[in-house]
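The lines below spell out each chain.
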Amino acid sequence: MLTWINEKAKWIIILFAAGIVVGLLAMDRVPNQGHSYPVGVVNDKKISYTEFDSRIKMITQNQYQGQHLEDEQYTQLRNEVFQSFVRQILLGDLYEKAELQASVAELESEFANNSDAVRARLVQEAQSRLYSIQQQATSQEDLMQRSQAYIASLPKFLTDSTFNKEEYDAWLKTPEAFKWGVMLQYEDNLKSNTIPARQLQALVGASIHPTTLEANWSVERRMTEYDLKVAVANGADFAADEKTVDSVMVAGYYNAHKDSFFVTKDVAKFEYAYIVVKATEGDDARIREYAMTLYYQLTDSSAATTFEDMARISSEDPGSAEKGGTLDREAGLGLYVPEFEKAALALDSGAISEPVRSQYGYHIIKSYGKSKDSTGAELAKVGHILLMVGASHETIDSLEGILNTVKSAVDAGKSFADAAKEQGLESKTSNWLSRGEDIEGMGYLKGLSAYAWPNDNLPPEASKVSPVMKSNKYVAIALKVGDLKAGDRSLELYFDKIKANLLRAKASAAAEAYLNSVAEKVKAINAEDSTTAVEKVKVEATNASVDGYVPGFGYSNANFAKAIKNAKVGEWSSAIATDNGAVMIKVESKKAPEADALKAAAQNEVANSSGYARTALFNEFVNNVENGTPVVNNMDLFYRD
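Model, not experiment: these values are computed from the prediction.

(A) Fine view of the side chain of aspartate 636. Along the chain, the position of aspartate 636 falls in the segment after strand E17 (631–633). Arginine 435 provides the closest opposite charge to the buried, unpaired aspartate 636, separated from it by 5.2 Å. Looking at aspartate 636, its side chain comes within polar contact range of the side chain of asparagine 455, at 3.2 Å. When neighbours within four sequence positions are excluded, aspartate 636 is seen to be in contact with Ala450, Trp453, Pro454, Asn455 and Leu458.

So, in structure tokens, the structure goes:
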């Protein structure tokens, strides 16, 4: 029986791994087919699961090419794809309302001017067709004949080593061009998206017409350079005591500026408790025992499994597993941890080590031979099977049990903080979080968004506390203690920000008052002479424009632009309050741009700013449409995020 297990071990492990994968897919990747709901609804238009899942699979196949994605990556991908469907539907509605359509001339222009994109699609379809011929061929001779016949039927511009644009343009006018599936797909995309989007962008930005006069003013302002002396009183030296800004002052500022404090998206706040997930000594012993089992199998002369096969199946080092465990660099170069290098260099060629413990886990090492470098140092070409030591299911289950005890106590009427304390845990309160954001320091917690914003189609949870949530390092539970909807005004959400701004304003005012009080001393300072320094004031010489960096102001600061507009050469300004403190400036000299350079820059400004401004305005327009449209998101009926 043991001999049979040894011989079949590879396939047992493969089947076991496949079973795990299928189980994971069943738990988290496959939607509940009992729900007859769409993934989302936008303006009464449904996003079907079939279309949504198809796009997810296409992206994972093309972009990630079979790479393993973590839960957080899947969640991010699904959110991005969902948003792409939302935008697609909203833009489609806008195209329809504005009666935007692609003309024949526009389509012809797109095909003619995007030959590289067309050719790439044609090559892909041709390769697919050749693969089908290969699969259908009855013999090598049949394959050669059919392949050669198909290649001979392809457009000449597609098979020639040098692309001939004239042949391509002529081919576009033939009926054969649109017998290709990719051409029809490309045409459909141009009609439904690319061209209408360009037309809509032109409509949205139709009012943008920069004049030469405006361009001249903007360019001259930007290109004028100033040699300056700048005296800076840093706000950090005048920081106000936090007690000088109380809740009444914050509330007063909020009430005077309520329209500045809208909630832009749904947010929630949580009390939470967590436990760090660490492997126990028992977990370590179990992994070592498993590693020894593999070692005995690999060193059993009667076993059929090779080291390389076992590495591909069992190793948790993604960089080497697919290569049969072989490492790219030799041991002995100091590239690997000392325990690994010592064990690797001690092996004879072809020998396999017992499990070696390092910070990464247990390594089973195989030597492929030794050599020496130019200094005579010994090197070894090796491969390894890495088994990481992580918390076992039993360990995680025990941690979940502790958190579930807290959860039960809260449901029975205890406060979250008291229930956590009874289990030796600390209760913490999160910042305000929106959907998809993480509790600071904990990373992605699977299930947090679904708990905070439950789908209306799901029955309510029996507990007011979240299920146990997991990340790579933690298990946690949370209790929602605050909830704000997009469109609300909220003092609580902006309290800390308002207080920080008021404290900063006090510091800047104090810096401004101080700088004015020592203005005469500042004017007497020689920037190169440290003996004339003024306490808490730094004076330095600099060259800058209104778009450049100026000490005390920062980059492209509106306060600096305003100050420099009224400044007189050779005179110090009065103190100017900034976000960072206060500043005095003195213009030593002013250099205007050359007439030819100004003219050329102004012409470039007229040519480019219109397109840039229209693009920015269009993006803002589309974002506003998205933010102003109610969207039903049913992803949590299908995925556990």
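After that view, the rundown keeps rolling.
(B) Looking closely at the pairing of strand E16 (residues 581–591). The pairing of strand E3 (residues 225–234) with E16 spans 10 bridges and is classified as antiparallel. Paired with valine 232 across the strands is valine 583, a residue of E16. Two elements, strand E15 (residues 576–578) and E16, share three bridges in a ladder whose sense is antiparallel. Bridge pairing in E16 links alanine 577 to alanine 582. Linking two consecutive strands that pair antiparallel, namely E15 and E16, is a turn of two residues.

(C) Inspection of the sheet that holds strand E7 (residues 378–387) at higher detail. The strand order across the open sheet built from three strands is E5-E6-E7, with neighbouring strands paired in antiparallel fashion. Each having just a single partner strand, strand E5 (356–358) and E7 make up the two edges of the open sheet. For this sheet, the mean inter-axis angle between neighbouring strands, taken without regard to orientation, is 45 degrees. Bridging between strand E6 (residues 361–372) and E7 involves nine bridges; their strand directions are antiparallel. By the bridge assignment, serine 371 is partnered in E7 with leucine 379. Sheet strands touched by helix H12 (residues 281–298): E5, E6 and E7. Its angle to E6, the strand with the most contacts, is close to 40 degrees. Across the sheet, helix H15 (residues 338–345) lies against E5, E6 and E7, angled at about 120 degrees from E7, the strand it touches most.

(D) Up close: the side chain of serine 315. Looking at the secondary structure, you find serine 315 in the loop between helix H13 (307–314) and helix H14 (318–321). At a separation of 3.1 Å, a polar atom in the side chain of serine 315 contacts the main-chain amide nitrogen of leucine 386. In this structure serine 315 touches Met310, Ala321, His384, Ile385 and Leu386, once residues within four positions along its chain are discounted.

(E) The confidence of the model for the protein, seen in detail. Overall, the predicted model of the protein reaches an average pLDDT of 88, with 93% of residues at or above 70. In this model, residues 1–34 is a region of pLDDT below 50 whose contacts with residues beyond four sequence positions or in other chains number 35 contacts.

(F) Spotlight on the pattern of salt bridges. Within the structure shown, the criterion is met by 26 salt bridges. Residue glutamate 187 is joined to lysine 191 by a salt bridge in which the shortest nitrogen-to-oxygen separation is 3.9 Å. Taken together, the residues glutamate 187 and lysine 191, both in helix H9 (residues 181–204) and four residues apart, mark about one turn of the helix. Take glutamate 187: its relative accessible area is 19%, and that puts it in the buried class. Here aspartate 309 ties to arginine 312 by a salt bridge, and the two come within 3.5 Å at their closest N and O atoms.

(G) Structural context of the sheet that holds strand E2 (residues 45–47). An order of E2-E1-E17 is seen for the three strands of this open sheet, with the pairing classed as antiparallel. Strand pairing shows two members of the sheet lacking a second neighbour, E2 and E17, which therefore form its edges. Averaged over neighbouring strand pairs, the angle between their axes works out to 15 degrees when direction is ignored. Where strand E1 (residues 40–42) meets E2, three bridges bridge the pair, whose relative direction is antiparallel. When the sheet's bridge partners are listed, valine 41 is paired in E2 with lysine 46. Helix H3 (residues 71–97) contacts E1, E2 and E17 of the sheet and is inclined by roughly 155 degrees relative to E2.

The rules behind these values
- Residues numbered from 1 in each chain as written.
- Predicted model: local features only at pLDDT ≥ 70, side-chain atom pairs only at ≥ 80, totals over all residues.
- Heavy atoms only, no water.
- Helix = DSSP H or I, 4+ residues; strand = E, 2+ residues; numbered from the N terminus.
- Buried < 20%, exposed > 50% of the residue type's maximum accessible area, 1.4 Å probe, protein only.
- Lys, Arg positive; Asp, Glu negative; His and termini not counted.
- Salt bridge = Lys/Arg side-chain N within 4 Å of Asp/Glu carboxyl O.
- Polar contact = N/O pair within 3.5 Å; in protein donor to acceptor, adjacent residues only side chain to side chain.
- Contact = heavy atoms within 4.5 Å.
- Pairing = 2+ DSSP bridges.
- Axes fitted to C-alpha atoms, helices over the stretch in contact; angles between N-to-C directions.
- pLDDT = per-residue confidence, 0-100.

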